[in-house]
Amino acid sequence: MALGFFCLAIFLYLSLDPDSGYTTASAAASGKEGVEITYGSAIKLMHEKTKFRLHSHDVPYGSGSGQQSVTGFPGVVDSNSYWIVKPVPGTKDKQGDAVKTGATIRLQHMKTRKWLHSHLHASPISGNLEVSCFGDDTNSDTGDHWKLIIEGSGKTWKQDQRVRLQHIDTSGYLHSHDKKYQRIAGGQQEVCGIREKKADNIWLAAEGVYLPLNESSK
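Definitions and cut-offs
Residues numbered from 1 in each chain as written. Predicted model: local features only at pLDDT ≥ 70, side-chain atom pairs only at ≥ 80, totals over all residues. Heavy atoms only, no water. Helix = DSSP H or I, 4+ residues; strand = E, 2+ residues; numbered from the N terminus. Buried < 20%, exposed > 50% of the residue type's maximum accessible area, 1.4 Å probe, protein only. Contact = heavy atoms within 4.5 Å. Areas by Shrake-Rupley, 256 points an atom, 1.4 Å probe, with all protein chains shown as cover. pLDDT = per-residue confidence, 0-100. Salt bridge = Lys/Arg side-chain N within 4 Å of Asp/Glu carboxyl O. Pairing = 2+ DSSP bridges.

- Under an unreviewed UniProt entry, the protein chain has the name MIR domain-containing protein and belongs to Arabidopsis arenosa.

Shown next, in the form of structure tokens:
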């Protein structure tokens, strides 16, 4: 399975990087509403209220943990906004399985291989819970664990479905707002964690490459 994830990452890196000159039918077809999201899929998460994409790059925070920063990015075409959906270690979930509401998942940043992470450090602008990227392919902890909560009656995660991601260790919801950085990522907006349910912590899976659903998951 590890080899499969690695091969997928290489494929996505080549085919989805706007500088590579490659395109994929999967990426073009992913605009179809209702596509099932499976473990191993590489997706962009769009903040519902501002339409910014969850984003990271190899730039550390200048305060707090000093870990790799996570922001909201205004553009659609940027390979630093792809995240690979993965199960947590020790579960039976595997590549191609459906992601069910209530599942604990991890999101791995495709370009840098670090995990979407949170902790009790204060976020740089608002002073809420900092959200960062941490670890690598072989280094991950419970600070990388997020609970998927589907809004409404849906049982499995689908594209364009309204969801919340709640951090397991801190209980903070993945959150963004129109507060923007001036220095580390000019024009990009803060992503943080807050413990209250608000309209600003709703996200939707947007562009991406969605792996086919395993027969056993149907």
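## Quick word on the overall build of the protein chain
Then comes step 1: Scanning the protein chain from terminus to terminus reveals two helices and twelve strands.
Then comes step 2: Looking at the protein chain residue by residue over its 218 residues, the buried ones come to 51%.
Then comes step 3: Intrachain contacts of the protein chain at a sequence separation of at least 6 include 67% that bridge at least 24 residues.
Then comes step 4: Split by element, the accessible area of the protein chain, about 9,800 Å² in all, is 52% carbon and sulfur.

## Quick look at the confidence of the model for the protein chain
Then comes step 1: Mean pLDDT over the protein chain stands at 86; residues scoring 70 or higher make up 83%.
Then comes step 2: Contacts from residues 1-7, a stretch scored under 50 in pLDDT, to residues over four places away or in other chains number six contacts.
Then comes step 3: A low-confidence stretch, residues 13-33 (pLDDT under 50), is modelled with 33 contacts involving residues beyond four sequence positions or located in other chains.

## Here we look at the pattern of salt bridges
Then comes step 1: Under the criterion given, the structure shown has six salt bridges.
Then comes step 2: Salt-bridge contacts for Arg-53 lead to Glu-207; the nearest nitrogen and oxygen are separated by 2.5 Å. Here Arg-53 is found in strand β2 (residues 53-60), whereas its partner Glu-207 is found in strand β12 (residues 203-209), with 154 residues between them in sequence.
Then comes step 3: Exposure remark for Arg-53: the relative accessible area of 7% places this residue in the buried category.
Then comes step 4: Note that Arg-164 is salt-bridged to Glu-151, the shortest N-O span being 2.8 Å. In this pair, Arg-164 is assigned in strand β9 (residues 163-167) and Glu-151 in the loop between β8 (146-150) and β9, connecting sequence segments 13 residues apart.
Then comes step 5: Residue classification places Arg-164 among the buried residues on the basis of a relative accessible area of 8%.

## Considerations on the pairing of β12
Then comes step 1: Counting buried positions along β12 gives six out of seven residues, so the element sits mostly inside the fold.
Then comes step 2: Where strand β1 (residues 42-47) and β12 come together, five bridges link them in antiparallel fashion. Paired with Ala-42 across the strands is Val-209, a residue of β12.

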